[in-house]
Amino acid sequence: MPRPKQPLLTRESIVATALEIIDAEGLDALSTPRLAKEMNVTAPSLYHHFQDKNEILAEVARAILLEIPFPRRKPDSEWSEFFVQLSLNFRRAVLRHRNAAPVLLQHMPRDVLINVYDRIAAFLQEAGVPSRLHVLMLDGLEKYTLGTSLTEAMHSPRRRTNIFGTVDPQAQPTLAEAVKANEWNAEQLFIHTIRSFLAGVVSNTDDTDSR
């Protein structure tokens, strides 16, 4: 059977190639002519699958989110560690694709997130966490996880490894001392902040309920 003259294109292969270009060379390197050349096809061939570059980028954002594994944990008394792992999984997926951070900012696929949140709400319900706390937790963790992960991805290489790296010991002595005393790297700070937030939500709610 003769082989086709052109490679068989799929939406998935186009998106995967687009993400490879962004990862390797940055967002500015991606164009439909460049993408077509990389796939050994003509640019019009891409438009059989996508209307324009913007639609390709939207699918790139979706592909990154779909890489994030859902933690395999039982909904028991350690339910907060489920959130820690899920948030870490999100952070690591974003940082694997640092150059695509602007794509996520512009094309965050809300339908993917809302389906994940429904699964999380079911997990919390089964773990015995009151329903009135679910939105507070989901909203707070979304803002923190998205904000810190995307901001870190878009930082310069120097700022990625230096927390408050621009602090001047002469001009900001108190902050400089705090930075010196800090024992946690960026990922450890991320984990401890999530745990502190969840502990605070539960603690504050318990205090309110007892009044």
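Owing to the predicted nature of the structure, the values given are computational and were not obtained by experimental measurement. (Residues numbered from 1 in each chain as written. Predicted model: local features only at pLDDT ≥ 70, side-chain atom pairs only at ≥ 80, totals over all residues. Heavy atoms only, no water.)

**Section: the packing of helix 5 (residues 80-96) against helix 7 (residues 110-127)**
The condition that has to hold: Each axis is a line fitted through C-alpha atoms, taken for helices only over the stretch in contact, and angles between the N-to-C directions span 0 to 180 degrees. Under the scheme used here, helices are H or I runs from DSSP no shorter than 4 residues and strands are E runs no shorter than 2 residues, and both carry numbers assigned from the N terminus. We call two directions roughly parallel when the angle between them is under 35 degrees, roughly antiparallel when it is over 145, roughly perpendicular when it lies between 65 and 115, and oblique otherwise. Two helices crossing with the near one rotated counterclockwise from the far one by less than a right angle form a left-handed crossing, whereas a clockwise rotation gives a right-handed crossing. Here a residue-residue contact requires only that any non-hydrogen atoms of the pair lie within 4.5 Å.
At a minimum axis separation of 11 Å, helix 5 and helix 7 run at an interaxial angle of 160 degrees. Taken together, helix 5 and helix 7 sit at an angle that is classed as roughly antiparallel. As for how helix 5 packs across helix 7, the hand of that crossing is right-handed. Here Phe-82, Phe-83 and Leu-86 of helix 5 lie close against helix 7, whose contacting residues are Ile-120, Phe-123 and Leu-124.

**Focus on the packing of aromatic side chains**
Applied cut-off: Only rings of Phe, Tyr and Trp enter the pairing, Trp through its six-membered ring, and a pair is recorded when the two centres are within 6.5 Å. The plane angle decides the type: under 30 degrees is stacked, over 60 is edge-to-face, the rest tilted. Throughout this description, buried means an accessible area under 20% of the type-specific maximum (1.4 Å probe, protein chains only), exposed means over 50%, and partly exposed covers the range between. Either the NZ atom of lysine or the CZ atom of arginine qualifies as a charge over a ring when it sits within 6 Å of the ring centre and within 35 degrees of the ring normal.
Counted under the stated rule, the structure contains five aromatic pairs. Ring geometry for Phe-82 against Phe-83: centres 5.7 Å apart, planes inclined by 80 degrees, an arrangement best described as edge-to-face. Take Phe-82 and Phe-83: they sit in the same class, and that class is buried. The structure contains a cluster of three or more aromatic residues connected by ring pairs, namely Phe-70, Trp-79, Phe-82, Phe-83 and Phe-123. Above the plane of the ring of Phe-190 lies Arg-91, whose end atom (NZ or CZ) is 5.7 Å from the centre.

**Examining the pattern of salt bridges**
The test is simple: Only one rule defines a salt bridge in this text: a Lys or Arg side-chain nitrogen within 4 Å of an Asp or Glu carboxyl oxygen.
On inspection of all chains with the given rule, the structure shows 13 salt bridges. A salt bridge links Glu-38 to Arg-34, with the nearest nitrogen and oxygen atoms 3.3 Å apart. Taken as a pair, Glu-38 and Arg-34 lie in helix 2 (residues 32-38) at a separation of four residues, close to a single helical turn. Accessibility expressed as a relative area gives 46% for Glu-38, which makes it partly exposed.

**Details of the nonpolar core**
In globular proteins that are soluble, nonpolar side chains generally tend to be buried together. So the rule is basically this: Working definition of a nonpolar core: buried Ala, Val, Leu, Ile, Met, Phe, Trp, Tyr and Cys residues. They are joined through side-chain atoms within 4.5 Å.
Membership of the largest hydrophobic core comes to 55 residues, with the highest contact counts inside it found for Leu-35, Val-60, Phe-83 and Met-137. Of all the elements in the fold, those that place two or more residues in this core are helix 1 (11-25), helix 2, helix 4 (53-66), helix 5, helix 6 (101-107), helix 7, helix 8 (134-154) and helix 11 (186-209). Take this core: its biggest share by element is nine residues, from helix 5. When near neighbours in sequence (up to four residues on either side) are disregarded, Phe-83 contacts Ile-120, Leu-124, Met-137, Leu-138, Leu-141 and Leu-198.

**Considering the packing of helix 1 against helix 4**
Rules: Throughout, the ten residues Ala, Val, Leu, Ile, Met, Phe, Trp, Tyr, Cys and Pro are labelled nonpolar, Asp, Glu, Lys and Arg are labelled charged, and all others, Gly among them, are labelled polar.
Packing of helix 1 against helix 4 leaves a shortest axis separation of 9 Å and a crossing angle of 85 degrees. With respect to helix 4, the axis of helix 1 lies roughly perpendicular. Contacts between helix 1 and helix 4 involve Arg-11, Ile-14, Val-15, Ala-18, Leu-19 and Ile-22 from the first element and Glu-55, Ile-56, Leu-57, Glu-59, Val-60, Ala-63 and Ile-64 from the second. When grouped by side-chain class, the residues that make up the contact of helix 1 with helix 4 number 10 nonpolar, no polar and three charged.

**Thoughts on helix 8**
Here is the rule we go by: Expected helix span is taken as 1.5 Å per residue step, with the number of steps being one fewer than the number of residues.
Relative to the 30 Å expected for 21 residues at 1.5 Å per residue, helix 8 spans 30 Å between its end C-alpha atoms, a close match to the ideal helical length. The set of residues buried in helix 8 consists of His-134, Met-137, Leu-138, Gly-140, Leu-141, Glu-142, Thr-145, Leu-146, Ser-149, Leu-150, Glu-152 and Ala-153.

**Notes on unusual backbone geometry**
The backbone of Asn-40 sits at a positive phi, close to 60 degrees, despite the residue not being glycine. For Asn-40, the location among the structural elements is in the loop between helix 2 and helix 3 (43-46). Taking the relative accessible area as the measure of exposure, Asn-40 reaches 60% and is therefore exposed.

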